[in-house]
Amino acid sequence: MSIPHITSLVIFLPLAGAGLTLLARSDRAVRWVALGTTVAAFLLSLGLFAAFDASPELGGTPQLVDKVAWFPESVDIKYFVGVDGLSLLLVMLTTLLGPIVVLSSWHYINKRRQGYYTLLLILQTGVTGVFCAFDVFLFYVFFELTLIPMYFIIGVWGGPRRIYAAVKFVLFTLTGSLLMLVGILYLGYAAGDAVNGGVFTTDWYKLLAFDAPASLQAWLFPVFALAFAVKVPVFPLHTWLPDAHVEAPTGGSVILAGTLLKMGTYGLVRFCLPFFPHAAYDYALPFAILATIGIIYGALVSRVQSDAKKLVAYSSISHLGFVVLGIFAFTTEAMQGALIQMVNHGLSTGALFLLLGMLYERRHTREMDDFGGIARTVPVLTFFMVFSVLASAGLPGLNGFVGEFMILLGAFQSDLIGHPVLIAAAASGVILAAVYLLWMVYKTFFGPLDKEANRTLRDMTGREIALMIPLVVLMFVLGFAPNRFLQKSEPATQFLLDSIREKRMAAEDARPAQDAARFFGHASPASDSKSPQAVSEPNN
Amino acid sequence: METDLIRFYDALPGDVLATLPLTLVAAAGVWLVVRDAFGSSLRELAWTSGAALAVGILFEATRLDTEAGTAFYGMVRTGGYASFVNIVILSGGLLTVALSPSYWRRTGQEYGEIYTLILFATVGMMVLGSANHMAAAFIGLETMSVALYVMAGLLRDNEGSAESALKYFLLGAFATGFFLYGIALMYGSTGTMYIPEMAAGLAESGRVALFRAGAALLLIGFFFKVGAAPFHMWTPDVYQGAPTTMAGYMSTTSKAAAFGALILILRDIASVDDWSPLFALVATATMVLGNLLAVAQSNVKRMLAYSSIAHGGYILVALTAGGVAAWSGALYYLLAYTLMNIGAFGVMAFLEWDGKAGQEQTLDSLTGVGLRKPLVGVAMGCFMFSLAGFPPFGGFLGKYAVFAPAVAAGYAWLVVIGVLASVVSAFYYLRVLYVFFMRSPESAPESAPPDAAFSSPLALRIVLVSCAAALLVLGVAPGLLGVIRGFF
């Protein structure tokens, strides 16, 4: 609270940095400006983390809010940003990856640096804004804003098929998000009539207070969910992802995997579930099945890749399948697991992309057959790789385990999707992950050192070690002491599930209470006593 | 009669003052004809016309918040709505005048009448856009059209330009016939030419069928002028053949003028006649055809022509919805569209002289321009993203402003078609950008070596930067929407 407008500062500091990079005269200055602003944004976001109050009664309240009028008064669209438990960790992840990506691009990007870092900074503003926006229209603006820099980052600095990948990335996302815009407009008018005196509104809390009729939810939910499912991506909408990941430069891949994909899962949690609870219940099973297919499909396709980067790209589909599964379980454990898994995936997959990028810088290839036995020439890199792979594969004690375990546990308890076959199938994804990731490590780092070019590989430089250390430390911390982070999101998760439950209750009024209780499963019975006050707090 | 005349002279100073931009620009046009005949320098003509347009903009800007009124016996409107439409038209004119000298110098066909024609066309558009009387609308339309026909053919020894002018003239004259006949029938059924009184006149006479027939013919005339399907066929040929700066001018300001008049006509007859279903149909066809055909173009000017058809379709979505929010959204869109389209055509006009390749104006010939000319490239990036409707540019908020009221009015299906059409449009706009930025010149073997001495003129840079900056402002600060709503 000590710094005024801290949330807006965290969002817009990178944009200011982008303005500075445009003025910078040399490549050197550009890089230092980019590094400086991203580090400053990260330090500011630490203030955000410190100031955030995770007490249960604040679960439904955005904190560190900036709220000013934006549109003329005939519509209720505001500049409304803040953080709550759902967004805090993702904001932190975004600001953390900022300087890491800048550092990783230090030499990797060697042409048109000014443009690259400017776009990177604009991108960070867009992503941070997405996680902080409490106005759906503002969210949409930030959501779309991320497309422009990413299009250029893939298209200008990417690999051989970069143009195809960039255009595909934009068109896929755009199709989903423009349809969502129609949905937002429709929802805004409907909610405006119901709860805002006839004035169009996109305020998150007013939309939350609006209990949309089931018939409306039945088509608005798919419209919103499509936009986010493309972004996640949920099978079968994933086809843009391998292209984009493989063609993007390392920094682009890290941002894409680390934060951009999370905009999809975050959108599901933030908008689809609370706005359309009835429809979300109806669609829970189909989504869980798609998620499980994604888990297994992603894993199997990863196993057969010869390109290590492609392997990691497909593994993202698999890992995010877990997140989607957790979201649609509607239990506290699974939801919490999904939130923490978003962060985990950002850390571990980000780390994998960074390390593969370092290898690519040295050998200009990503084919696993071109490597082999390089553990002897690059021991430090091997250590980091093995660590990240184990985290990604869900080794107990490291971060991946916590998220996947909670998701599977919560999903199993869920009455909606808790079918043993489904959960068993999803759980097999954990084993498969170990298979393809360890196979990748084995093929690349161990075995005979039979290629001449691999004998002279340079190990990691100080800069590279420095950028990996925060990630590795966090993987360890999140694995060993997840509660420190989980408790930040717990109240908000609780609030969200309670508000969903309350809307469901209202709909199920006619049925006996017992019946409803059975319907909502065992999700944290402790919360029932405190929910109503928390729910009715905002904007009344 | 005599008292009429006296009253006319009494009102004259007030009327002239109220319509100062109109009279000023008209007077400047006449003055330019005289000066040109006596051999003034082209530089002087350009500056004079630019000054007249700039003064007009400043004057109208001060009158945006004044009460709307009429002048010259209720022939034209003043203040508020009319001021805004005039600002859009005058800005389009000013930007075109600024782009013109360097463009025409390079064609080697620099004539003084370029500026005269811009001024006269602007006068016609302003009369049309602020018409309160059907006769004024017709006079404005014709003044504008005749000037535009000549403009299209200004590249005298260029076949494409001549073809463009002739096509425009023949089809335009035909459409004008529809327009005039429509006015006649509407007069016959309502007994008045004053647009605001038509509804009352129709209620009195009750000749609805005749009125509908007249309105339908009038709409055909309007649809032709704004290039709405199925009356859009002329647009690509005309824009492709016309001098590029002029194509930018006619594709934007003439739409602003025609839509400016159409919105008020629709508003004033809304109580007696509802044309929404027809507009929905036309909007659908226009958006779909414009965008799909644009994808197939390899010539960028022609692609922009089809895209401007599509943008007319988005505005028609707002007219379908009707109501204050929709109409003000349409005006907002017109402003953003004018800035981004003139900017895009400005870039193309500049590139036309980029070695031999530039003149082809095909996608392949533009390879790597953005990397060689970063300022032009970045500006083009802004225009393309704005045209595609990406935030944070004016095109995005414009689309919001026309689509949101349509959703509220129950035309969600039309908006869905609109956004899907926008996805298609994103494909071809992004294609321009990847050619600009992502293809390196080496990989395009046929392209002629870039002209080393090819530098961007200061005026061009100012125009591009100010258009892009204005689009950014329009994209993040929607305060103007509130101002526009106040006009109704």
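Each chain has its residues counted from 1, following the order in which its sequence is written. Numbering of ligands from 1 and lettering of chains from A proceed in the order in which they are written. Residue-level local features of this predicted model are given only where pLDDT is at least 70; pairs of side-chain atoms are given and counted only at 80 or more, and the full residue set underlies all totals for whole chains, interfaces and linings. As a convention, hydrogens and water are excluded, and side-chain values are obtained from all of the structure's heavy atoms.

### Examining the overall build of chain B
What counts, and what does not: Starting at the N terminus, helices and strands are each numbered in turn, a helix being any DSSP run of H or I of at least four residues and a strand any DSSP run of E of at least two. To get the radius of gyration, use the C-alpha atoms; to get the globule rule, take the number of residues to the power 0.38 and multiply by 2.2 Å. The buried label goes to any residue with under 20% of its type's maximum accessible area, the exposed label to any with over 50%, and the partly exposed label to all in between, with areas taken from a 1.4 Å probe on protein chains only. Contact between two residues is taken to exist if any of their heavy atoms lie within 4.5 Å; hydrogens are not considered. The charged-residue count follows a simple rule in which Lys and Arg add positive charge and Asp and Glu add negative charge, with His and chain termini not counted at all. Every charge is mapped to an atom, namely NZ of Lys, CZ of Arg, CG of Asp or CD of Glu.
A count of helices and strands for chain B gives 21 helices and two strands. Here the C-alpha atoms of chain B give a radius of gyration of 22 Å, agreeing with the 23 Å that 2.2 N^0.38 yields for 488 residues. Overall size of chain B, expressed as C-alpha extent along the three principal axes, is 70 × 60 × 40 Å. The 488 residues of chain B split such that 62% are buried. Considering only contacts within chain B whose residues lie at least 6 apart along the sequence, 80% involve residues at least 24 apart. Here chain B contributes 24 positive and 28 negative side-chain charges, whose respective centroids are spaced 6 Å apart.

### Remarks on the confidence of the model for chain B
For the record, the criterion: pLDDT expresses how confident the predictor is about each individual residue, on a scale running from 0 to 100.
Per-residue pLDDT for chain B averages 88, and the proportion of residues at 70 or more is 95%. Within the model, the stretch residues 444-449 of chain B combines pLDDT values under 50 with four contacts to residues more than four positions away or in other chains.

### Overview of empty space enclosed by the protein
Residues and elements named next belong to chain B. Going by this rule: A cavity here means a set of 1 Å grid points, computed over protein atoms only, where a 1.4 Å probe fits but cannot escape. A pocket is an open set with protein on both sides within 12 Å along at least 5 of 7 lines, and lining residues have an atom within 4 Å of a point. Grid points are joined across faces, edges and corners, and a volume is the space filled by probe spheres set on the points.
As enumerated under the stated definition, the model contains 13 cavities of 30 Å³ or more in all. Taken as a whole, the largest cavity holds about 80 Å³ of empty space. The wall of the largest cavity is formed by 14 residues, among which A18, T19, E60, R77 and N86 lie closest to the centre. Those elements that provide at least two residues to the lining of the largest cavity are α2 (20-37), β2 (76-78) and α4 (81-107).

### Some thoughts on unusual backbone geometry
The step from F235 of chain A to P236 of chain A runs through a cis peptide bond, and the omega angle for that step is 0 degrees. Considering the arrangement of structural elements, one finds P236 of chain A in the loop between α9 (214-231) and α10 (240-247). Residue P391 of chain B is joined to P392 of chain B through a cis peptide bond whose omega torsion reads 5 degrees. As for its placement among the helices and strands, P392 of chain B is situated in the loop between α17 (374-388) and α18 (394-408). One non-glycine residue, R112 of chain A, lies in the positive phi region at around 50 degrees. The topology assignment puts R112 of chain A in the loop between α3 (85-104) and α4 (113-132).

### Brief notes about helix α9 (residues 208-226) of chain B
Given 3.6 residues per turn, any residue in an α-helix points the same way as the ones three and four places further on. All names here are of chain B. As a reminder of what qualifies: In this scheme, a helix's expected span is set at 1.5 Å multiplied by one less than its residue total.
For α9, which comprises 19 residues, the first-to-last C-alpha distance of 26 Å matches the rise-based estimate of 27 Å (1.5 Å per residue) to within 8%. Listing the buried residues of α9 in full gives F211, G214, A215, L217, L218, L219, G221, F222, F223, F224, K225 and V226. Positive phi shows up at G227, right after α9, with a value of about 70 degrees.

### Quick word on the packing of aromatic side chains
Residue and element names in this part refer to chain A. For clarity, the cut-off: Ring pairs are drawn from Phe, Tyr and Trp, using the six-membered ring of Trp, whenever the two centres fall within 6.5 Å, and their geometry is named by plane angle: stacked under 30 degrees, edge-to-face over 60, tilted for the rest. Any Lys NZ or Arg CZ that is within 6 Å of a ring centre and within 35 degrees of that ring's normal is treated as a charge sitting over the ring.
Tallied over the entire structure, the rule returns 65 aromatic pairs over all chains. Where F235 meets Y297, the ring centres are 5.0 Å apart and the plane angle is 55 degrees; that geometry is what we call tilted. With a gap of 62 residues between them, F235 in the loop between α9 and α10 and Y297 in helix α12 (residues 277-303) connect regions that are remote in the sequence. Taking the relative accessible area as the measure of exposure, Y297 reaches 28% and is therefore partly exposed. Taken together, the ring pairs connect F80, F134, F139, F143, W204, Y205, F224, F228, F271, F275 and F276 into an aromatic cluster. In this arrangement the basic side chain of R363 is found over the ring face of F371, its NZ or CZ atom lying 5.6 Å from the centre.

### Here's the deal with the interface of chain A and chain B
The cut-off we apply is this: Here the quantity called buried area is the accessible surface, traced with a 1.4 Å probe, that two parts lose on coming together, added over both. One speaks of a salt bridge when a side-chain nitrogen belonging to Lys or Arg is within 4 Å of a carboxyl oxygen belonging to Asp or Glu. Throughout this description, a polar contact denotes any pair of N or O atoms lying within 3.5 Å of each other; where both atoms belong to protein, one of them has to be capable of donating a hydrogen while the other can accept it, and for residues adjacent in sequence the pair is counted only when both atoms sit in side chains. Put simply, Ala, Val, Leu, Ile, Met, Phe, Trp, Tyr, Cys and Pro go in the nonpolar bin, Asp, Glu, Lys and Arg in the charged bin, and everything else, Gly too, in the polar bin.
Contact with chain A, which involves 33 residues of that partner, is made by 34 residues of chain B. Taking both sides of the interface into account, the surface hidden between chain A and chain B amounts to around 3000 Å²; carbon and sulfur atoms contribute 85%. Put simply, chain A and chain B have zero salt bridges between them. Where chain A touches chain B, the interface holds five residue pairs in polar contact (both at pLDDT 80 or more). Breaking the side of chain A that touches chain B down by element, the ones donating at least two residues are α5 (136-145), α6 (147-157) and α7 (162-195) of chain A. It is α7 of chain A that provides the largest number of residues to the side of chain A that touches chain B, a total of 14 residues. Residues belonging to the side of chain A that touches chain B are distributed by class as follows: 27 nonpolar, three polar and three charged.

### Focus: the pattern of salt bridges
Across all of its chains, the model carries 21 salt bridges over all chains by this definition. One salt bridge in this structure joins D84 of chain A and R270 of chain A, with 2.7 Å as the shortest N-O distance. Within this pair, whereas D84 of chain A is found in the loop between β2 (78-83) and α3, its partner R270 of chain A is found in helix α11 (residues 250-275), the two being separated by 186 residues in sequence. On the accessibility criterion, D84 of chain A (4% relative accessible area) is buried. Linked by salt bridges that have partners in common, E163, K167, D237 and R302 of chain B make up one network.

### Remarks on the state of the cysteines
Residues and elements named next belong to chain A. Rules: Whenever a pair of cysteine sulfur atoms sits within 2.5 Å, that pair is classed as a disulfide.
Within the structure shown, the criterion is met by zero disulfides over all chains. Just so you know, C272 is unpaired, no disulfide at all, and the nearest cysteine sulfur is the one on C132, 19 Å from it. The class for C272 is buried, based on a relative accessible area of 0%.

### Quick notes on the layout of surface pockets
Computed from the structure, the largest pocket encloses a volume of approximately 1500 Å³. The set of elements that each furnish at least two residues to the lining of the largest pocket consists of α1 (6-23), α2 (27-51), α4, α5 and α6 of chain A together with α16 (369-372), α17 and α20 (458-476) of chain B. The element contributing the most residues to the lining of the largest pocket is α17 of chain B, with eight residues. Here the lining of the largest pocket is composed, by residue class, of 34 nonpolar, ten polar and four charged. In this model, the second largest pocket occupies a volume close to 930 Å³. Taken together, 32 residues line the second largest pocket, and the ones lying closest to its centre are L94, L95, V97, A98 and V463 of chain B. Those elements giving two or more residues to the lining of the second largest pocket turn out to be α3 (42-62), α4, α14 (324-351) and α20 of chain B. The element that contributes the greatest number of residues to the lining of the second largest pocket is α4 of chain B, accounting for ten residues. Across the lining of the second largest pocket, the residue classes tally to 25 nonpolar, four polar and three charged.

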